[in-house]
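# Chains, contacts and geometry: an overview
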Amino acid sequence: VQLVESGGGLVQPGGSLRLSCAASGFTFSRYRMSWYRQAPGKERELVAFINSAGGSTNYADSVKGRFTISRDNAKNTVYLQMNSLKPEDTAVYYCKASSMVVAVDYWGQGTQVTVSS
C-alpha cells in the first residue's frame, strides 16, 4: 500500500497550490479519502474528506470556501485545491485512506506547505 503526496511548496499569502495524493496497493474507489495537516508544535487536524464515490465532502471551518477536495477514481488520486492561502495554513499535509468496511487506515508521508512572503 502506498499513498504519495505531491504539490507542496512555498507560496505567498493569497496564492494557490494543488496537492495530489496518488494511491496504490488497495481498492481506492472503496475508501474515504481525507487530508490532514500538522503545523509545528500542534496536533494533526482534519482539513477535509471526501466519500468513496466523490459525492460528499466535508471541510474544517478554517478552510471552508478556500479549499476544495476532489478525487479521480480512475486515476486513484485525491486532490486538495488550496486558494487564498494564509500563513496559518503552513503545515505538513497528509492524505489518509479509510476503509468503509474494516477499521483500516493508510497514511501518506506528507508534503510541506509553507505560506510566507
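Scroll up a little and you will see the structure.
The structure contained in this document is the topic of the report that follows. Bear in mind the structure is a predicted one, so any value in this text is a computation, not a measurement. (Residues numbered from 1 in each chain as written. Predicted model: local features only at pLDDT ≥ 70, side-chain atom pairs only at ≥ 80, totals over all residues. Heavy atoms only, no water.)

## Focus: the overall build of the chain
- When you go through the chain residue by residue, the secondary structure sums to 0 helices and 11 strands.
- Relative to its length of 117 residues, the chain is compact, with a C-alpha radius of gyration of 13 Å against a globular reference of 13 Å.
- Taken across its 117 residues, the chain has 42% of its residues classed as buried.
- Pairs at least 24 residues apart make up 52% of the contacts formed inside the chain by residues separated by at least 6 positions.
- Split by element, the accessible area of the chain, about 6,100 Å² in all, is 46% carbon and sulfur. (Helix = DSSP H or I, 4+ residues; strand = E, 2+ residues; numbered from the N terminus. Rg over C-alpha atoms; globule rule 2.2 N^0.38 Å. Buried < 20%, exposed > 50% of the residue type's maximum accessible area, 1.4 Å probe, protein only. Contact = heavy atoms within 4.5 Å. Areas by Shrake-Rupley, 256 points an atom, 1.4 Å probe, with all protein chains shown as cover.)

## Thoughts on the packing of aromatic side chains
- Scanning the entire structure with this criterion turns up 6 aromatic pairs.
- Taken together, a centroid distance of 6.5 Å and an interplanar angle of 50 degrees make the contact between F26 and F28 tilted. Of the two residues examined, F26 and F28, each falls in the buried class.
- The lysine or arginine in question, R44, covers the ring of Y94, its NZ or CZ lying 3.7 Å from the ring centre.
- Sitting over the face of the ring of F28, R71 holds its NZ or CZ atom 4.4 Å from the ring centroid. (Phe/Tyr/Trp six-rings, centres within 6.5 Å; stacked < 30°, edge-to-face > 60°. Lys NZ or Arg CZ within 6 Å of the ring centre and 35° of its normal.)

## Section: the state of the cysteines
- Evaluation of the coordinates by the stated rule reveals 1 disulfide.
- Here C21 connects covalently by a disulfide to C95, the sulfurs 1.9 Å from one another. Taking the sign of the S-S torsion, 45 degrees for the link of C21 and C95, the bridge is right-handed. One end of the pair, C21, is in strand β3 (residues 17–24); the other, C95, is in strand β9 (residues 91–99), with 74 residues separating them in the sequence. In terms of burial, C21 and C95 fall into one category: buried. (Disulfide = S-S within 2.5 Å.)

## Description of the nonpolar core
- Core analysis: the largest hydrophobic core is formed by 30 residues, its most contacted members being M33, W35, V78, L80, M82 and Y93.
- Every element with two or more residues in this core is listed here: β3, β4 (31–38), β5 (45–50), β7 (67–72), β8 (77–82), β9 and β11 (111–115).
- With residues up to four places along the chain from it excluded, the contact list for L80 reads L17, R18, L19, W35, V47, A48, F67, T68, I69 and Y93. (Core = buried A, V, L, I, M, F, W, Y, C linked by side-chain atoms within 4.5 Å.)

## What about the pattern of salt bridges?
- Scanning the model with the defined rule gives 5 salt bridges in all.
- When the shortest N-O distance is used, the salt bridge between D105 and K96 registers 4.0 Å.
- Owing to a relative accessible area of 44%, D105 belongs among the partly exposed residues under this scheme.
- Residues joined by salt bridges that share partners form a network here, namely R37, E45, R66 and D89. (Salt bridge = Lys/Arg side-chain N within 4 Å of Asp/Glu carboxyl O.)

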